[in-house]
Amino acid sequence: MKLADRVAIITGANSGMGRATAVLFASEGAKLALTGRNEERGREVVDYIRRSGGQAFFMRSDVCVDADCRKAVDATIAAYGRVDVLFNNAGVFLPNTAVECTEQEWDAQVDTSLKGAFLMSKYALPHMIRQGRGSIIHNSSGWGIVGGDRAVAYCAAKGGLILLAKAMAVDHGRQGIRVNCVCPGDVDTPMLPEDARLRGMDWKTYLEGCANRPMGRIGTADEIARAVLFLACDDSSFVTGSALVVDGGGAAD
């Protein structure tokens with residue numbers, strides 16, 4: 001029970017890595033506040049956690065909207081009285097080069113990943129500072145460290161998250177707050193087949209490209225969730241300002 005009596009907020013908790021992390025955190029004793037834009041899927045995650053004996057609620061929220069982020073944190077404090085962990089997981093990926101990328105596509109990706117992490121952190125941090133402890137994890141990407149093809153806005157947003165984490169780690173370390181990033185590679189979530197569709201690739205060909213990594217396979221959402229758990233709990237008590245790459249060796253190749 002690595003998160004016993006801890007309160008965690010997870011954005012983009014409807015599916016994929018957010019859902020897997022929510023389920024794992026609940027099994028480790030955390031009380032959860034889950035946010036996302038798809039209320040039906042969010043409620044399903046909450047129902048699953050509650051049936052398993054965990055505590056969770058879902059709030060429909062858009063991390064691009066300041067008022068929504070403030071309300072999400074306020075609702076967490078109203079329900080549980082504190083916030084110990086924030087996992088800024090919400091993200092969007094639309095494959096495009098700098099020439100092809102529209103302003104709207106740029107804004108959708110940068111605002112969801114980078115601005116959303118900033119806003120959620122802005123409102124969670126005062127509570128963590130008052131408590132004298134807290135852990136914030138941004139969901140970056142292997143492509144936040146190395147470049148990716150047709151991913152100009154995505155790479156900019158994910159790379160920005162890494163330096164956002166480092167800057168926040170410097171600002172808030174002496175207040176007991178740790179801030180880190182997890183950097184997944186290709187992971188079996190709904191985002192992957194959608195990327196294949198947008199690139200006009202069949203799924204088999206796409207997977208063959210993903211498997212061209214040192215470990216020869218894509219990752220699972222559960223594998224990323226375990227890395228997030230490490231950064232959230234006391235096992236990483238001396239880790240801050242770091243970017244933990246969990247990509248089967250992709251960034252090393």
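The shown structure was predicted, so the numbers you read here are calculated from the model rather than taken from an experiment. (Residues numbered from 1 in each chain as written. Predicted model: local features only at pLDDT ≥ 70, side-chain atom pairs only at ≥ 80, totals over all residues. Heavy atoms only, no water.)

**Some thoughts on the pairing of strand β2 (residues 31–36)**
Counted only if it meets this: Each residue is placed in one exposure class: buried if its accessible area under a 1.4 Å probe, protein chains only, is under 20% of its type's maximum, exposed if it is over 50%, and partly exposed if it falls in between. A helix here means a DSSP run of H or I that spans at least four residues, while a strand means a run of E at least two residues long, and both kinds are numbered starting from the N terminus. A clockwise path from the first strand over the helix to the second, with the strands pointing away from the viewer, defines a right-handed crossover. Pairing between strands requires that DSSP locate at least two bridges from one strand to the other.
Summarising burial for β2: 5 of the 6 residues are buried, a large majority. Crossover strand β1 (residues 7–10) to β2 through helix α1 (residues 16–27) is right-handed. Summarising the sheet, β2 and strand β3 (residues 55–60) pair through 6 bridges and their orientation is parallel. Note on β3: the bridge partner recorded for L32 is A56.

**A few points about the pattern of salt bridges**
Here the idea is simple: oppositely charged side chains can pair when their charged atoms come close. What counts here: Whenever a carboxyl oxygen of Asp or Glu lies within 4 Å of a side-chain nitrogen of Lys or Arg, that contact is scored as a salt bridge.
In the structure shown here, the tally under the stated rule is 12 salt bridges. Linking D235 and K2 is a salt bridge whose minimum nitrogen-to-oxygen distance equals 2.7 Å. Taken as a pair, D235 in the loop between α8 (221–232) and β7 (243–246) and K2 in the segment before β1 lie far apart in primary sequence, 233 residues in all. Since its relative accessible area comes to 47%, D235 is described here as partly exposed. Assessed through its relative accessible area of 38%, K2 is described here as partly exposed. With a shortest N-O distance of 2.8 Å, R6 and D234 are connected by a salt bridge. One end of the pair, R6, is in the segment before β1; the other, D234, is in the loop between α8 and β7, with 228 residues separating them in the sequence. Judged by its relative accessible area of 13%, R6 falls in the buried class. Of the residues examined, D234 reaches a relative accessible area of 43% and is grouped as partly exposed.

**Looking at helix α3 (residues 66–80)**
Basically, it comes down to this: The span you would expect from a helix comes to 1.5 Å times its residue count less one. Working note: the arc is built from the helix axis to C-beta atom directions. In this description, contact between two residues means that some pair of their heavy atoms is separated by no more than 4.5 Å.
In this model, α3 (15 residues) spans 22 Å end to end at C-alpha, consistent with the 21 Å of a helix rising 1.5 Å per residue. C69, A72, V73, T76 and Y80 are the residues of α3 that are buried. Down the axis, α3 shows its buried residues gathered within 90 degrees of arc, on one side only. Check the buried side of α3 and you find it contacts β1, β2, β3 and α4 (103–131). Trailing α3 by a residue or two, G81 shows a phi angle of about 85 degrees, which is positive.

**Quick word on the packing of α1 against helix α2 (residues 39–51)**
Quick note on the threshold: Axis definition: a line fitted to C-alpha atoms, limited for helices to the stretch in contact. Angles are taken between N-to-C directions and run from 0 to 180 degrees. Should an angle fall under 35 degrees it is called roughly parallel, over 145 degrees roughly antiparallel, and 65 to 115 degrees roughly perpendicular, with every other angle called oblique. In this scheme, a crossing is called left-handed if the near helix is turned counterclockwise away from the far one by less than a right angle; it is called right-handed if the turn is clockwise. Gly falls in the polar group here, along with every residue not listed as nonpolar (Ala, Val, Leu, Ile, Met, Phe, Trp, Tyr, Cys, Pro) or charged (Asp, Glu, Lys, Arg).
One can describe the packing of α1 onto α2 by two numbers: an axis separation of 10 Å at closest approach and a directional angle of 20 degrees. Between α1 and α2, the angle falls in the class roughly parallel. Where α1 crosses over α2, the handedness of that crossing is right-handed. Across the interface between the two elements, R19, A22, V23 and A26 of α1 pack against E44, V45, Y48 and I49 of α2. Grouping the amino acids of the contact of α1 with α2 by side-chain chemistry returns 6 nonpolar, no polar and 2 charged.

**Quick look at the layout of surface pockets**
Going by this rule: Cavity and pocket criteria rest on a 1 Å grid covering protein atoms alone: a 1.4 Å probe that fits but cannot get out defines a cavity, protein on both sides within 12 Å along at least 5 of 7 lines defines an open pocket, and an atom within 4 Å of a point defines a lining residue. Grid points are joined across faces, edges and corners, and a volume is the space filled by probe spheres set on the points.
By volume, the second largest pocket amounts to about 230 Å³. Considering the residues around the second largest pocket, the lining is formed by 17 residues, among which G134, G176, I177, R178 and S237 are closest to the centre. Of the residues that constitute the lining of the second largest pocket, the class distribution is 6 nonpolar, 6 polar and 5 charged.

**Description of the packing of α4 against helix α5 (residues 152–172)**
Following both chains from N to C, one finds α4 and α5 inclined at 15 degrees, their axes separated by 8 Å at the closest point. Judged on the interaxial angle alone, α5 and α4 are roughly parallel. Considering the relative orientation of α4 and α5, their crossing is right-handed. Together, W106, Q109, V110, S113, L114, A117, F118, S121, L125 and I129 of α4 and V152, A153, Y154, A156, A157, K158, G160, L161, L164, M168 and H172 of α5 make up the contact between the two elements. Considered class by class, the residues forming the contact of α4 with α5 number 15 nonpolar, 5 polar and 1 charged.

Keep in mind that these numbers describe shape and distance, not what the molecule does.
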